[in-house]
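Here's the letter readout for the chains.
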Amino acid sequence: MPLQRFDVIRGRSDAALRAVLDAAHEALVEAFKVPASERYQCVTQHAPGELVVGDSGLGYQRTDKLVLLSVVTRMRTTTEKVAFYRALVRNLQARCGIAPDDVVVSVVENNHADWSFGRGRAQYLTHEVRHVDSD
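Predicted, not measured: the structure shown is a model, and the values here were computed from it. Per chain, residue numbering runs from 1 following the sequence as it is written. It should be noted that, the model being predicted, local features are given only for residues of pLDDT at least 70 and side-chain atom pairs only at 80 or more, the latter also being counted only at that level, while totals for whole chains, interfaces and linings use all residues. For side-chain calculations, the full set of non-hydrogen atoms in the structure is used, while hydrogens and water are omitted.

### Quick look at the overall build of the chain
Numbering of helices and strands starts at the N terminus; helices are DSSP runs of H or I of at least 4 residues and strands are runs of E of at least 2. Check the secondary structure of the chain and you find three helices and four strands. Counting from the amino terminus, the chain carries its helices and strands in the arrangement β-α-β-β-α-β-α. Computation of the radius of gyration draws on C-alpha atoms, with the globule rule given as 2.2 Å multiplied by the number of residues to the power 0.38. In terms of overall dimensions, the chain is globule-like: its C-alpha atoms have a radius of gyration of 16 Å, near the 14 Å expected for 135 residues. Seen along its three principal axes, the alpha-carbon backbone of the chain occupies a region of about 45 × 30 × 25 Å. Partly exposed residues are those whose accessible area sits between 20% and 50% of the maximum for their type, while under 20% is buried and over 50% is exposed, using a 1.4 Å probe and protein chains only. Taking all 135 residues of the chain together, the buried fraction comes to 35%. Contact definition: two residues touch when any of their heavy atoms are within 4.5 Å. The long-range fraction of contacts in the chain, counting pairs at least 24 apart against all pairs at least 6 apart in sequence, stands at 73%. In these tables, accessible area is a Shrake-Rupley quantity obtained with a 1.4 Å probe, and a residue counts as shielded only by the protein chains included in the view. For the chain, the accessible area works out to roughly 7700 Å², and carbon and sulfur atoms hold 52% of it.

Okay, structure coming up:
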(Lines give C-alpha, C1' and ligand atoms only; values in the text may rest on other atoms or scores of the structure.)
Protein backbone atom coordinates (compact mmCIF):
# COMPACT_ATOMS: atom_id res chain seq x y z
CA MET A 1 0.00 0.00 0.00
CA PRO A 2 2.22 2.82 -1.18
CA LEU A 3 1.45 6.38 -0.18
CA GLN A 4 2.31 9.02 -2.78
CA ARG A 5 2.87 12.62 -1.64
CA PHE A 6 3.23 15.18 -4.41
CA ASP A 7 4.68 18.66 -4.08
CA VAL A 8 3.99 20.90 -7.07
CA ILE A 9 3.94 24.59 -7.92
CA ARG A 10 0.47 26.08 -7.68
CA GLY A 11 -1.37 26.84 -10.91
CA ARG A 12 -2.43 23.51 -12.43
CA SER A 13 -6.10 22.92 -13.13
CA ASP A 14 -7.97 20.15 -11.32
CA ALA A 15 -7.90 18.12 -14.55
CA ALA A 16 -4.14 18.59 -14.92
CA LEU A 17 -3.56 17.53 -11.30
CA ARG A 18 -5.78 14.48 -11.79
CA ALA A 19 -3.77 13.53 -14.88
CA VAL A 20 -0.55 13.67 -12.83
CA LEU A 21 -2.09 11.51 -10.10
CA ASP A 22 -3.47 9.00 -12.61
CA ALA A 23 -0.15 8.75 -14.46
CA ALA A 24 1.78 8.21 -11.22
CA HIS A 25 -0.67 5.65 -9.87
CA GLU A 26 -0.57 3.64 -13.09
CA ALA A 27 3.25 3.63 -12.97
CA LEU A 28 3.09 2.38 -9.38
CA VAL A 29 0.65 -0.41 -10.24
CA GLU A 30 2.82 -1.45 -13.18
CA ALA A 31 6.19 -1.41 -11.41
CA PHE A 32 5.27 -2.49 -7.88
CA LYS A 33 2.42 -4.83 -8.88
CA VAL A 34 0.04 -3.40 -6.28
CA PRO A 35 -3.72 -3.71 -6.78
CA ALA A 36 -5.18 -0.70 -8.59
CA SER A 37 -7.58 -0.20 -5.67
CA GLU A 38 -4.66 0.58 -3.33
CA ARG A 39 -4.57 4.26 -4.17
CA TYR A 40 -3.40 6.76 -1.56
CA GLN A 41 -2.26 10.12 -2.90
CA CYS A 42 -1.89 13.62 -1.49
CA VAL A 43 -0.98 16.86 -3.28
CA THR A 44 0.52 19.96 -1.71
CA GLN A 45 0.68 23.04 -3.92
CA HIS A 46 3.25 25.76 -3.32
CA ALA A 47 3.85 29.32 -4.48
CA PRO A 48 6.81 29.37 -6.90
CA GLY A 49 9.28 30.58 -4.25
CA GLU A 50 8.21 27.93 -1.75
CA LEU A 51 9.45 24.90 -3.70
CA VAL A 52 13.18 24.85 -4.34
CA VAL A 53 14.61 21.78 -6.07
CA GLY A 54 18.21 21.77 -7.21
CA ASP A 55 19.77 19.66 -9.93
CA SER A 56 22.46 17.94 -7.78
CA GLY A 57 25.08 19.09 -10.28
CA LEU A 58 23.48 17.10 -13.11
CA GLY A 59 22.54 20.11 -15.25
CA TYR A 60 18.78 19.54 -15.18
CA GLN A 61 16.53 22.41 -16.19
CA ARG A 62 13.60 22.71 -13.78
CA THR A 63 10.37 24.48 -14.75
CA ASP A 64 7.07 25.35 -13.11
CA LYS A 65 5.82 21.88 -14.10
CA LEU A 66 8.10 20.31 -11.47
CA VAL A 67 6.77 17.25 -9.64
CA LEU A 68 8.50 16.29 -6.40
CA LEU A 69 7.17 12.89 -5.37
CA SER A 70 7.75 11.01 -2.13
CA VAL A 71 6.60 7.39 -2.06
CA VAL A 72 6.23 5.57 1.25
CA THR A 73 6.13 1.82 0.69
CA ARG A 74 7.23 -1.51 2.04
CA MET A 75 10.64 -2.79 0.91
CA ARG A 76 11.06 -2.86 -2.86
CA THR A 77 13.84 -4.24 -5.00
CA THR A 78 16.17 -1.98 -6.93
CA THR A 79 14.67 -3.39 -10.13
CA GLU A 80 11.15 -2.42 -9.01
CA LYS A 81 12.25 1.09 -8.05
CA VAL A 82 14.04 1.73 -11.34
CA ALA A 83 11.03 0.35 -13.26
CA PHE A 84 8.81 2.77 -11.32
CA TYR A 85 11.04 5.77 -12.07
CA ARG A 86 11.03 4.93 -15.79
CA ALA A 87 7.28 4.28 -15.99
CA LEU A 88 6.55 7.45 -14.03
CA VAL A 89 8.63 9.68 -16.31
CA ARG A 90 7.19 7.98 -19.40
CA ASN A 91 3.60 8.46 -18.21
CA LEU A 92 4.07 12.04 -17.05
CA GLN A 93 5.75 13.07 -20.27
CA ALA A 94 3.23 11.34 -22.55
CA ARG A 95 0.05 12.33 -20.68
CA CYS A 96 0.93 15.58 -18.96
CA GLY A 97 3.72 17.14 -21.01
CA ILE A 98 6.07 17.08 -18.02
CA ALA A 99 9.74 16.86 -19.00
CA PRO A 100 11.89 14.15 -17.40
CA ASP A 101 14.05 16.91 -15.86
CA ASP A 102 10.99 18.02 -13.87
CA VAL A 103 10.41 14.69 -12.09
CA VAL A 104 12.14 14.08 -8.75
CA VAL A 105 11.32 10.97 -6.68
CA SER A 106 12.25 9.75 -3.23
CA VAL A 107 11.23 6.30 -2.01
CA VAL A 108 10.96 5.80 1.75
CA GLU A 109 10.58 2.20 2.90
CA ASN A 110 8.81 0.80 5.93
CA ASN A 111 7.07 -2.43 6.92
CA HIS A 112 3.58 -3.70 7.73
CA ALA A 113 3.68 -2.58 11.37
CA ASP A 114 4.03 1.02 10.13
CA TRP A 115 0.51 1.19 8.65
CA SER A 116 -2.93 1.72 10.15
CA PHE A 117 -5.88 2.23 7.81
CA GLY A 118 -8.14 3.42 10.61
CA ARG A 119 -9.82 2.49 13.89
CA GLY A 120 -6.45 2.33 15.67
CA ARG A 121 -5.66 -1.07 14.20
CA ALA A 122 -2.63 -2.44 12.34
CA GLN A 123 -4.60 -4.20 9.62
CA TYR A 124 -1.60 -5.77 7.91
CA LEU A 125 -0.56 -7.40 11.18
CA THR A 126 -4.08 -8.60 12.00
CA HIS A 127 -4.51 -9.80 8.40
CA GLU A 128 -7.61 -7.66 7.92
CA VAL A 129 -5.80 -6.35 4.85
CA ARG A 130 -4.06 -8.96 2.76
CA HIS A 131 -1.59 -8.31 0.06
CA VAL A 132 -0.92 -10.63 -2.85
CA ASP A 133 2.80 -10.14 -2.25
CA SER A 134 2.66 -9.69 1.54
CA ASP A 135 5.69 -10.68 3.55
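Picking up where we left off.
### Here's the deal with the nonpolar core
Counting residues in hydrophobic clusters, the biggest one holds 23 residues, and the most contacted among them are Phe84, Leu88 and Leu92. Those elements that place two or more of their residues in this core are strand S1 (3–9), helix H1 (14–32), strand S3 (67–74), helix H2 (78–96) and strand S4 (103–110). Looking at which element gives the most residues to this core, the answer is H1, with nine residues. Beyond its immediate stretch of four places on either side in the chain, Leu92 contacts Val20, Ala23, Gly97, Ile98 and Val103. The criterion is simple. A nonpolar core is a set of buried Ala, Val, Leu, Ile, Met, Phe, Trp, Tyr and Cys residues joined through side-chain atoms within 4.5 Å.

### Thoughts on unusual backbone geometry
In the Ramachandran plot, Ser56 falls in the positive-phi region, its phi being about 55 degrees despite a non-glycine side chain. Structurally, the position occupied by Ser56 is in the loop between strand S2 (40–46) and S3. Although it is not a glycine, Arg119 adopts a positive phi angle of roughly 60 degrees. Counting through the fold element by element, Arg119 comes out in the loop between S4 and helix H3 (123–126).

### What to know about the state of the cysteines
Disulfides are defined in this document as cysteine sulfur pairs within 2.5 Å. What the rule picks out here adds up to zero disulfides. The thiol sulfur of Cys96 is not disulfide-bonded, and the nearest other cysteine sulfur, from Cys42, lies at 18 Å.

### Focus: the sheet that holds S4
The criterion for strand pairing is that DSSP finds at least two bridges linking the strands in question. Read from one edge to the other, the open sheet built from four strands follows the order S2-S1-S3-S4, with strand pairing classed as mixed. Of all the strands in the sheet, the pair left with one neighbour each is S2 and S4. Put simply, the sheet's adjacent strands are angled 15 degrees from each other on average, direction ignored. Where S1 lies against S2, seven bridges are found, and the strand directions are parallel. Looking across to S2, one finds that Ile9 is bridged to His46. All axes here are fitted lines through C-alpha atoms, helices being fitted over the stretch that makes contact, and every angle between N-to-C directions spans 0 to 180 degrees. The strands that H1 touches are S1, S2 and S3; relative to S1, the one it contacts most, it runs at about 145 degrees. On top of the sheet, H2 reaches S1, S3 and S4; it is set at about 145 degrees to S4, its chief contact.

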